[in-house]
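The lines below spell out each chain.
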Amino acid sequence: TRSLTITSVDQSMFEKAQGEKVTLPCTFELSEEDEGPLDIEWVLIPADNQKREQIIIMYAVDRVYNHYYASLTGRMQFTNLDPRSGDGSLDILNLKAADTGTYQCKVKKAPGVQSKKIQLTVLVKPARTKCSVEGSQEIGKDVTLKCVSQEGSPLLSYDWRRVSGTQNLPATSMMNKNTGELLLKNASREYSGTYSCVASNRVGTDECSVELNVTPPVNTAGIITGAIIGTLLGLSVLCSIIFCFCKKHREKKYEKEVHHDIREDVPPPKSRSSTARSYIGSNRSSLGSMSPSNMEGYTKTPYSQVPSEDFERAPAQNPAFAPPKVAAPNLSRMGAVPVMIPAQSKDGSIV
């Protein structure tokens, strides 16, 4: 007794580049005993066992269902418009890296049931490859040329070649095809030129280039000397500016203090000694104009009321002799303060 069988068993693994088209085969034959409705399903089995299987397209009751996932809509279709003819193959257009996975074709027509699994790997071509120079481009130094692709499925391989000159890599060069590094040891002027790197994998290539210019060593001693001299000149100019600023500030401060402390339109204050002397002189003139009868009031005024700092004593001829007290008239009515003035006679005695 025959039953439903899948005839496409020749290829179970496919590798395609991103953006291309792939056809996953799934042809089958029906037997006379298979009388139930035809049902064809394509299921995506994720690599992670924790995730569930996804039905991406299905044919059932003479109708196609392919709107399960928005990212797949318009990119997946049956190869034959009428799968009942025995061809349930699947076309995937504009392949993406996310399409990588295991696809299973299930064909059911009761009582027959058969399935087949196909592994699809979508590879990304190398893209946005960049070349660069690392290290000092001086004679005698080691220089490293780097090549890296921003996109591309592993395994990527890098190959360097020289574009200008002899087009042969220097004898001292060391290339790593896996990392894309080209080491040029003890570089010389002859190493200068254009170098090109080609990144490749099983589905495509990408290329970049870089210019290498090996020059003599820089005179670092001259640069350091110039930098020191420039720094010293800058510091000297800065110190001069600060000194001038401080000097001008001090001059302005001095002028301001003189302006507030000394004024030419205000006379200087009188000293206490000159005031006392004028005061004694006025009293002497008052005493000279008084008569002897008015001298009694002076005895009532104490001698200590005369300012000590303004009184000038005459040198004493006889230290044991005490000056007599002279009574002075009461000058309160006249608005004057009595003062005792010692006098000396012709013979040297104090009166």
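Below you will find a few notes about this structure. Predicted model only: the values in this text are computed from it and were never measured. Counting restarts for each chain: residues are numbered from 1 in the order of the written sequence. Residue-level local features of this predicted model are given only where pLDDT is at least 70; pairs of side-chain atoms are given and counted only at 80 or more, and the full residue set underlies all totals for whole chains, interfaces and linings. The side-chain values count all of the structure's non-hydrogen atoms but skip hydrogen atoms and water molecules.

### Details of the state of the cysteines
The term disulfide is used for any two cysteine sulfur atoms that are within 2.5 Å. For the structure shown, the criterion picks out 3 disulfides. The disulfide that involves Cys131 links it to Cys208, with 1.8 Å between the sulfurs. Disulfide Cys131 to Cys208: torsion about the S-S bond roughly 75°, handedness right-handed. A residue pair is termed long-range when its members are at least 10 positions apart, and Cys131 in strand E12 (residues 127-134) and Cys208 in strand E18 (residues 204-212) qualify at 77 residues. Note on exposure labels: buried denotes an accessible area under 20% of the residue type's maximum, exposed denotes more than 50%, and partly exposed covers the range between, all computed with a 1.4 Å probe on protein chains only. Cys131 gets classed as buried once you look at its relative accessible area, which sits at 18%. Put simply, Cys147 and Cys197 are joined by a disulfide, and their sulfur atoms are 2.1 Å apart. Classification of the bridge connecting Cys147 and Cys197 rests on its S-S torsion, roughly -90°, and on that basis the disulfide is left-handed. Here the residue Cys147 occupies a position in strand E13 (residues 143-151), and Cys197 occupies one in strand E17 (residues 193-201), the gap between them amounting to 50 residues. Here Cys147 and Cys197 have matching classes, each one buried. Taken N- to C-terminal, the disulfide-bonded cysteines of the protein chain are connected 1-2, 3-6, 4-5. Where helices and strands are cited, they refer to DSSP runs of H or I of at least four residues and of E of at least two residues respectively, numbered from the N terminus.

### Looking at the pairing of strand E5 (residues 39-45)
Of all 7 residues that make up E5, 7 are buried, and the element is covered over most of its length. Because side chains alternate across E5, one face comprises the buried residues Asp39, Glu41, Val43 and Ile45, and the other comprises Ile40, Trp42 and Leu44, equally buried. Relative to strand E6 (residues 54-60), E5 runs antiparallel, the two being bridged by 6 bridges. Within E6, the position partnered with Asp39 by the bridge is Ala60. Bridge count between E5 and strand E10 (residues 101-109): 7 bridges; the pairing is antiparallel. Bridge pairing in E10 places Ile45 opposite Thr102. A pair of strands is considered paired only if DSSP assigns at least 2 bridges between the two.

### Here we look at the pattern of salt bridges
Opposite charge on two side chains permits them to pair, given that their charged atoms come into close proximity. Here, a salt bridge means any side-chain nitrogen of Lys or Arg that lies within 4 Å of a carboxyl oxygen of Asp or Glu. Within this structure, the stated rule accounts for 11 salt bridges. A salt bridge links Arg84 to Asp62, with the shortest nitrogen-to-oxygen separation between them at 3.6 Å. Here Asp62 lies in the loop between E6 and strand E7 (63-65) and Arg84 lies in the loop between strand E8 (76-78) and strand E9 (90-92), a separation of 22 residues in the sequence. Asp62 sits in the exposed class, given a relative accessible area of 56%. The salt bridge partner of Glu207 is Arg161, with a shortest N-O separation of 3.1 Å. Placement of the pair is Glu207 in strand E18 and Arg161 in strand E14 (residues 157-162), with a sequence separation of 46 residues. Note on Glu207: relative accessible area 43%, which makes it partly exposed.

### A short note on the sheet that holds strand E3 (residues 22-24)
The strand order across the open sheet formed by 3 strands is E3-E9-E8, and the pairing between neighbours is antiparallel. The strands lining the two open edges of the sheet, one partner per strand, are E3 and E8. Going across the sheet, the axis of each strand differs from the next one's by a mean of 25°, ignoring polarity. Looking at chain direction, E8 and E9 are connected through 3 bridges and run antiparallel. Bridge pairing in E9 places Met76 opposite Ile92. The axes used here are C-alpha line fits, helices contributing only the stretch in contact, and every angle between their N-to-C directions lies in the interval 0 to 180 degrees.

### Focus on the side chain of Ser196
Tracing the backbone shows Ser196 in strand E17. Look at Ser196 and you get buried, because its relative accessible area is 1%. Only 3.4 Å separates the side chain of Ser196 from the backbone oxygen of Cys208, close enough to count as a polar contact. Excluding residues that lie within four positions of it along the chain, Ser196 makes contacts with Asp159, Trp160, Arg161, Val163, Glu207, Cys208 and Ser209. We define a polar contact as two N or O atoms separated by no more than 3.5 Å, with the added condition that, inside protein, one atom must be a possible hydrogen donor and the other a possible acceptor, whereas residues neighbouring each other in sequence contribute only through side-chain atom pairs. For this analysis, residues touch if any pair of their heavy atoms sits within 4.5 Å.

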